[in-house]
Amino acid sequence: MNGNAIKRGVVEGDASVASGGTTSGWIAAGGAVFGSFQLPSSIDGTEITIQFSNDATNATAVPEASSTENNPATVAANGTYLFPVGTFAAKFFRFVFTTAQSGGARTIHYFLKG
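Residues numbered from 1 in each chain as written. Predicted model: local features only at pLDDT ≥ 70, side-chain atom pairs only at ≥ 80, totals over all residues. Heavy atoms only, no water.

Considerations on the overall build of the protein
The helix and strand inventory of the protein stands at zero helices and nine strands. When the helices and strands of the protein are listed from N to C terminus, the series reads β-β-β-β-β-β-β-β-β. Compactness check: the protein gives a C-alpha radius of gyration of 15 Å against a globular reference of 13 Å for 114 residues, within 12% of the reference. Dimensions along the principal axes, computed over C-alpha positions, put the protein at roughly 55 × 30 × 25 Å. Considering only contacts within the protein whose residues lie at least 6 apart along the sequence, 81% involve residues at least 24 apart. Surface accessibility of the protein: about 6,300 Å² in total, with carbon and sulfur atoms responsible for 52%. For the protein, the distance from the average site of its 6 positive side-chain charges to the average site of its 7 negative ones is 12 Å. (Helix = DSSP H or I, 4+ residues; strand = E, 2+ residues; numbered from the N terminus. Rg over C-alpha atoms; globule rule 2.2 N^0.38 Å. Contact = heavy atoms within 4.5 Å. Areas by Shrake-Rupley, 256 points an atom, 1.4 Å probe, with all protein chains shown as cover. Lys, Arg positive; Asp, Glu negative; His and termini not counted. Charge placed at Lys NZ, Arg CZ, Asp CG, Glu CD.)

Focus on the confidence of the model for the protein
Averaged over all residues, the pLDDT of the protein equals 91, while 93% of them reach at least 70. Mean pLDDT in the protein bottoms out at strand β6 (residues 73-74), which sits at 93, and peaks at strand β8 (residues 92-97), which reaches 97. (pLDDT = per-residue confidence, 0-100.)

Thoughts on the pairing of strand β9 (residues 106-113)
On β9, burial follows the alternation: Arg-106, Ile-108, Tyr-110 and Leu-112 on one face are buried, whereas Thr-107, His-109, Phe-111 and Lys-113 on the facing-out side are not. Summarising the sheet, strand β1 (residues 10-17) and β9 pair through eight bridges and their orientation is antiparallel. When the sheet's bridge partners are listed, Val-11 is paired in β9 with Leu-112. One ladder, built from five bridges, connects strand β3 (residues 34-38) with β9; its direction is antiparallel. Each bridged residue has a counterpart across the sheet, and for Gly-35 the counterpart in β9 is Leu-112. (Buried < 20%, exposed > 50% of the residue type's maximum accessible area, 1.4 Å probe, protein only. Pairing = 2+ DSSP bridges.)

Here you go:
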C-alpha cells in the first residue's frame, strides 16, 4: 500500500424505540455514505421505514433509489439490513416501525461508514 489510501470513518450506535412507541430519536448522518442496521431479537410487526430530515423536525420517508430497495422494508427480529441509498442525503435519519412496540423498549444497533 502506498500510504495514499482513503480513510473512511466508521460510526456504530444504538437507536431506541420506547415501549408503546413506533419511532426512534433522530440520528445524525455525520457524513456517512452507507451503512446497515441490526434489529433486536424481539420486535412487533414486520415493517420498518427509514425517514430523513435536514432539521430533525420535518420527516419524509427516504425514497427508493431502485427496484431492489423497499422503504418501508419487510423485516424480522434479529435481521440485518442495509439502509436505503438516499438515507445519507440529509443531515438526520430515524427508524419508524409500522406497529407500536410492546413489552419494553427496542434497541436498534446501526453501523455507518463515511
